[in-house]
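These are the residues of each chain, in order.
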Amino acid sequence: MTKKRTQLSLFIDAFNSASIEKIRATFNPVQYALIPAHVTLCREDELEQMEKVVQNLQRLNQDSITIDFGPIVRFSEGKGLLIPAIGPNASYQQLRANILQGIIENPRIPEPHITLMHPRNATCTDEIFAKIAAHNLPNKITFKKISLIEQEIGMKWCILDEFHL
């Protein structure tokens, strides 16, 4: 039996993704091949009532969401590397609450981020960290659509649907 994963993601537009994707292609080519740079909005365990999720997505009434990002940080015992969002991220958390309304009463409060090196298939060293830290990465990104994506485990993620904000 093939296991599939489903998520809602905010893909980074071409203007902001060039420097990020160059880093990912160089230092984490496996993850780069599986999925473009993004911020995960909702994970598969939150999307079990997909019909209601889609209804909520279709009812959203906003034209975009902007996230501020800080300097890169290592995670997962230093193996992984990400660009964390900074600040309270109230609009991100409110968007999640609106999408999960009527499904999850008190949704968890994840910290939005962009993964540059996933520890499952890359390892960040001090040397790599220094190289990446020297890059000029975007510190504010505006997203105008939400993508419903799916992956058969180990395969490339596919976009199933898109919802414009």
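Overview of the structure.

## Examining the side chain of Q93
Link 1 in the chain: Of note, Q93 is situated in helix 4 (residues 90-99).
Link 2 in the chain: Residue Q93 is classed as buried on the basis of its relative accessible area of 16%.
Link 3 in the chain: In this structure the side chain of Q93 is engaged in a polar contact, spanning 2.7 Å, whose partner is the backbone oxygen of P110.
Link 4 in the chain: Every residue in contact with Q93, bar those within four places of it in the chain, is listed here: P88, R108, I109, P110 and P112.

## Considerations on the pairing of strand 9 (residues 158-164)
Link 1 in the chain: Note: strand 8 (residues 145-152) against strand 9, six bridges, orientation antiparallel. Residue L148 lies in a different strand from strand 9, and its bridge partner there is D161.
Link 2 in the chain: Hairpin remark: strand 8 followed by strand 9, antiparallel, with five residues in the connecting loop; positive phi at G154, about 85 degrees.

## Notes on the pattern of salt bridges
Link 1 in the chain: Under the counting rule described, the total for this entry stands at ten salt bridges.
Link 2 in the chain: Note that E21 and R24 form a salt bridge whose closest N and O atoms lie 2.5 Å from each other. Here R24 and E21 lie together in helix 1 (residues 14-27), a separation of three residues that amounts to about one turn. By the burial criterion, E21 is buried, and R24 matches it.
Link 3 in the chain: Two residues, K145 and E162, come together in a salt bridge whose shortest N-O distance is 3.2 Å.

## Brief notes about the nonpolar core
Link 1 in the chain: By size, the foremost hydrophobic cluster in this structure holds 41 residues, and its most contacted members are L8, L41, I99, I114, L116, I132 and I146.
Link 2 in the chain: Residue contacts for I132: discarding those within four places in its chain leaves I23, F27, I72, L81, L116 and M117.

Cut-off values and rules
Residues numbered from 1 in each chain as written. Predicted model: local features only at pLDDT ≥ 70, side-chain atom pairs only at ≥ 80, totals over all residues. Heavy atoms only, no water. Helix = DSSP H or I, 4+ residues; strand = E, 2+ residues; numbered from the N terminus. Buried < 20%, exposed > 50% of the residue type's maximum accessible area, 1.4 Å probe, protein only. Polar contact = N/O pair within 3.5 Å; in protein donor to acceptor, adjacent residues only side chain to side chain. Contact = heavy atoms within 4.5 Å. Pairing = 2+ DSSP bridges. Salt bridge = Lys/Arg side-chain N within 4 Å of Asp/Glu carboxyl O. Core = buried A, V, L, I, M, F, W, Y, C linked by side-chain atoms within 4.5 Å.

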